[in-house]
Amino acid sequence: MTFDTTRPFGISAALTTPFTAAGTVDNGLLVGHVQHVLELGCTSVTLGGTTGEGPSLSQEEKVSAHNAMTAAGIPAEKIVLAIIESSLTNAVAFARQAADLGSKHILLAPPYYFKGVADDGQLGWFRALLTAIATSGLKVILYHIPQVTAAAVTPDMVATLKAEFPTLITGVKDSAGNWENTEELLKRFADLDILIGDERLLARGVALGAAGAISGVANFRPDLLTAILAGKPADERLPELVEAILQYPVTPAVKALVGHLGNDQSWRAARAPLAALSTAQYQALAQRYDDLFASPTR
């Protein structure tokens, strides 16, 4: 199977969040960033996910950012709202709010605080939430990132939820970086948007029908990803770039590269418990990027 252009999800920038010197979300800088990545070919942006430090943001901050984007003319349907909650009540309320704001997609992580929970317990949480938003019109992308949540969204769980909520479940974001899992999702769920979280796997995924990616790299080099969806050979520097980022805490590293390419060091600020890269780390990562991309494609 090849990429199906009749229903492309495309490349969504997993938005990183800029902060002011006072530690508040810099909505002005964020809006400009969103406009920039959309102009560069992203089909959407994802607000409040892992790269966006979503669990460290209040719902009020996310709503404020969403409103700032739409006030600037960014269509609400281009804003995927991430929901990373353990509280079922909060997750339901935030999903309904996403629909009220005009978003069409939500990225839905499993409840993550309690570890070692049986699949039946997680399925019960998902069932209750999905039942509560059944008439919302939302498209739900299940979020598999077990290295962070310690709660897997397995292919069998996807099959169960898709069978029970066929109009709600429209995709899976696989951020585990495990090709075997990605391959199984692609082979079992041709009718779902399987989205790649690890950019190193995007070309292989697209070859089997992946609908796109929700990507941190898309914050600063979406062209490397949109080219793959367009059928061009993957730039061989992409895996090296991802490996360079993975040498550091990922979210601060992405922020550092956004700041480096945009010549705006305010992007480096992170919200506790995350911390900005040290000056030495920043300089090393920026130099590695410059060395990789000092010349055209190779």
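All of the points below concern the structure found in this document. Keep in mind that this is a model prediction, so the values were computed, not measured.

1. Remarks on the packing of helix α2 (residues 59-71) against helix α3 (residues 88-101)
Then, number 1: Between α2 and α3, the least distance of the axes is 11 Å, while the angle of their chain directions is 15 degrees. Compared by their axis directions, α2 and α3 come out roughly parallel. For the element pair α2 and α3, the recorded crossing hand is right-handed. Each of Gln-59, Val-63, His-66 and Asn-67 in α2 lies in contact with α3, whose residues at this interface are Phe-94, Gln-97 and Leu-101.
Then, number 2: Of the residues in the contact of α2 with α3, the class split is three nonpolar, four polar and no charged.

2. Here's the deal with the layout of surface pockets
Then, number 1: Counted as a void, the largest pocket has a volume near 820 Å³.
Then, number 2: The wall of the largest pocket is formed by 34 residues, among which Thr-50, Ile-145, Val-148, Val-250 and Thr-251 lie closest to the centre.
Then, number 3: Taken together, the elements giving at least two residues each to the lining of the largest pocket come down to α5 (146-149), β8 (212-215), α10 (237-245) and α11 (250-262).
Then, number 4: A per-element tally of the lining of the largest pocket places α11 first, with four residues.
Then, number 5: Among the residues making up the lining of the largest pocket, the classes are represented as 18 nonpolar, eleven polar and five charged.
Then, number 6: Put simply, the second largest pocket is a space of about 220 Å³.
Then, number 7: By residue class, the composition of the lining of the second largest pocket is three nonpolar, four polar and five charged.

3. Focus on empty space enclosed by the protein
Then, number 1: Applying the stated rule across the entire model yields three cavities of 30 Å³ or more.
Then, number 2: Its residues assigned to classes, the lining of the largest cavity shows five nonpolar, five polar and one charged.

4. Overview of the pairing of strand β6 (residues 169-174)
Then, number 1: Of all six residues in β6, six are buried, a share of seventy percent or more.
Then, number 2: As judged from the five bridges shared by strand β5 (residues 139-144) and β6, these two strands associate in the parallel manner. Residue pairing across strands places Leu-142 opposite Val-172, the latter belonging to β6.
Then, number 3: As defined by bridge partners, β6 adjoins strand β7 (residues 193-196) across four bridges and the pair is classed as parallel. Bridge pairing in β7 places Gly-171 opposite Asp-193.
Then, number 4: Each parallel crossover has a hand, and for β6 linked through helix α7 (residues 179-188) to β7 it is right-handed.

5. Observations concerning the nonpolar core
Then, number 1: Grouped together as the largest cluster of nonpolar side chains are 79 residues, with contacts concentrated most on Met-69, Leu-130 and Leu-241.
Then, number 2: Sequence-distant contacts of Leu-130, defined by excluding residues within four places in its chain, comprise Val-140, Leu-161, Phe-165, Leu-168 and Ile-169.
Then, number 3: Of all hydrophobic cores here, the second largest spans 13 residues; its members include Phe-9, Ile-84, Ala-211 and Ile-214.

6. Observations regarding the pairing of strand β4 (residues 105-108)
Then, number 1: Across the two faces of β4 the burial is the same, with His-105 and Leu-107 and Ile-106 and Leu-108 all buried.
Then, number 2: Of the strand pairs in this sheet, strand β3 (residues 79-83) and β4 are connected by three bridges, and their pairing is parallel. Considered in β4, the bridge of Ala-82 is made with Leu-107.
Then, number 3: Once you follow β3 into α3 and on to β4, the crossover reads as right-handed.
Then, number 4: Bridging between β4 and β5 involves four bridges; their strand directions are parallel. Among the inter-strand pairings, Leu-107 is bridged to a residue of β5, identified as Ile-141.
Then, number 5: For the handedness criterion, the β-α-β arrangement of β4, helix α4 (residues 119-132) and β5 is classed as right-handed.

Thresholds, definitions, all that
- One numbering rule holds for all chains: residues counted from 1, following each sequence as written.
- pLDDT decides what is reported in this predicted model: residues at 70 or higher carry local features, side-chain atom pairs at 80 or more are listed and counted, and totals for whole chains, interfaces and linings draw on all residues regardless.
- By convention in this description, side-chain values take in all heavy atoms of the structure and omit both hydrogens and water.
- Here, axes are lines fitted to C-alpha atoms. For helices the fit covers the stretch in contact, and angles between N-to-C directions go from 0 to 180 degrees.
- In this description a helix means any DSSP run of H or I spanning at least four residues, a strand means any run of E spanning at least two, and both kinds are numbered starting from the N terminus.
- Oblique is the label for any angle not under 35 degrees, not over 145, and not in the 65 to 115 range, which are roughly parallel, roughly antiparallel and roughly perpendicular in turn.
- Note on convention: near helix rotated counterclockwise from far helix by under a right angle means a left-handed crossing. Clockwise means right-handed.
- The contact criterion used is simple: two residues touch if any of their non-hydrogen atoms lie within 4.5 Å.
- Residues are grouped as follows: nonpolar covers Ala, Val, Leu, Ile, Met, Phe, Trp, Tyr, Cys and Pro; charged covers Asp, Glu, Lys and Arg; every other residue, Gly included, is treated as polar.
- Both cavities and pockets are sets of points on a 1 Å grid over the protein atoms alone; in a cavity a 1.4 Å probe fits but cannot get out, in a pocket the set is open with protein on both sides within 12 Å along at least five of seven lines, and lining residues sit with an atom within 4 Å of a point.
- Grid points are joined across faces, edges and corners, and a volume is the space filled by probe spheres set on the points.
- Under the scheme applied here, a residue whose accessible area is under 20% of the maximum for its type counts as buried, over 50% as exposed, and between as partly exposed, the area being computed with a 1.4 Å probe on protein chains only.
- In this description, strands pair whenever DSSP reports at least two bridges between them.
- Looking down the strands as they point away from you, a crossover is right-handed if its path from the first strand over the helix to the second goes clockwise.
- Working definition of a nonpolar core: buried Ala, Val, Leu, Ile, Met, Phe, Trp, Tyr and Cys residues. They are joined through side-chain atoms within 4.5 Å.

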